[in-house]
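Each chain, letter by letter, is given below.
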Amino acid sequence: MKVYFDRKVFLGFFLALGILTVLGIYSYKNSRDSVNTSRLVSHTNDVLYHIEKLHSLNLEIEAELTKHVITGDSAFSSFFRLSLKNARDHFMVLQELVKDNDLQKARIDSIRILGVEKVSFIEELVNARATSQAFAQQQITEDRNRNLLEGIEKIIERMQSHEKKLLQERMKENETEVAKFYTTFFTLLIGTGIIIVTLFLAINSTLQARIQAEQALVVASAEIKDLYQNAPCGYH
């Protein structure tokens, strides 16, 4: 049995199928890009989290160190060991997170150098406080300690600023991709809908023409039959 299609219907069908195929491919690509962008945003947030933890620990250690120098509080030693361990843990994670970013990698190396010097200074200060409070108070206010503290703070601020800028760029890129996707998706969807409606109208028009032709054929056949049956005997 042969099936006949109007050429325009045939073309419209494959055009709609092509648009749906493109829509599927584009949706898959956009979904993959969105997942990648989300991963980068999550990565940036992780970096910012560990930077902030280092920042907080640096300030907490400095505050407790000042308190120890003034009061001689013996709890500082255990606090310092625990804080130093936490700082190392955050530092190691942060070092791994920024290994692909040369600028941030250089900054984390600078923090490591300053951090080692800061730990050495704190240990010297604790030993000094055990023998002379006045000398320890003098040491903690000198330029060496202030330069170490400010140096670490400045590097942390630069790292935070860099990551926040990256975060804004990535979030903006994600928003742009989402807006672009929805615009393209709905445009293709509307186009497909228009083609389907056009196909329906074309098919309906073809069917109506065929029905009218069949009806005309039936009428013509009936007229011929009637003419034949009612013709004079000599015409038979």
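Provided above is the structure to which this section pertains.
Residues numbered from 1 in each chain as written. Predicted model: local features only at pLDDT ≥ 70, side-chain atom pairs only at ≥ 80, totals over all residues. Heavy atoms only, no water.

Caption draft 1: Local environment of the packing of helix α2 (residues 76-97) against helix α3 (residues 102-131). Here α2 crosses α3 at 170°, and the two axes come no closer than 12 Å. Relative to α3, α2 is oriented roughly antiparallel. Taking contact as the criterion, the partners of Phe76, Phe80, Leu84, Phe91, Leu94 and Gln95 in α2 are, on α3, Ile108, Asp109, Ile111, Arg112, Val119, Ile122 and Val126. (Axes fitted to C-alpha atoms, helices over the stretch in contact; angles between N-to-C directions. Helix = DSSP H or I, 4+ residues; strand = E, 2+ residues; numbered from the N terminus. Parallel < 35°, antiparallel > 145°, perpendicular 65-115°, else oblique. Contact = heavy atoms within 4.5 Å.)

Caption draft 2: Spatial organisation of the side chain of Asn145. Along the chain, Asn145 falls in helix α5 (residues 143-229). Using a relative accessible area of 2% as the deciding quantity, one classes Asn145 as buried. Leave out the neighbours within four places in its chain, and Asn145 touches Glu62, Lys118, Phe121, Gln139 and Ile140. (Buried < 20%, exposed > 50% of the residue type's maximum accessible area, 1.4 Å probe, protein only.)

Caption draft 3: Structural view of α2. The terminal C-alpha atoms of α2, which comprises 22 residues, lie 31 Å apart, in line with the 32 Å expected from a rise of 1.5 Å per residue. Regarding α2, the residues found buried are Phe76, Phe80, Ser83, Leu84, Ala87, His90, Phe91 and Leu94. Along the long axis of α2, the arc covered by the buried residues comes to 140°, so they all point the same way. Residues of α2 that are exposed and point over 90 degrees away from its buried face: Arg81, Leu82, Arg88 and Met92. (Expected span 1.5 Å × (residues − 1). Arc of directions from axis to C-beta.)

Caption draft 4: Quick look at the environment of Asn30. In this fold, Asn30 is placed in helix α1 (residues 7-71). Assessed through its relative accessible area of 12%, Asn30 is described here as buried. Residues Asn30 and Glu177, 147 residues apart in the sequence, show an inter-C-alpha distance of 7.6 Å. With near-sequence residues (within four places) excluded, Asn30 lies in contact with Glu177 and Phe181.

Caption draft 5: Geometry of the packing of aromatic side chains. In this structure the tally under the stated criterion is three aromatic pairs. A centroid spacing of 6.2 Å and a plane angle of 20° characterise the contact between Tyr182 and Phe186, whose relative ring orientation is stacked. Of this pair, Tyr182 and Phe186 both sit in helix α5, separated by four residues, roughly a single helical turn. Judged by relative accessible area, Tyr182 falls into the partly exposed class, the value being 45%. Three or more aromatic residues link up through ring pairs in this structure, and these residues are Phe76, Phe79 and Phe80. (Phe/Tyr/Trp six-rings, centres within 6.5 Å; stacked < 30°, edge-to-face > 60°.)

That is the geometry; function is a separate question.
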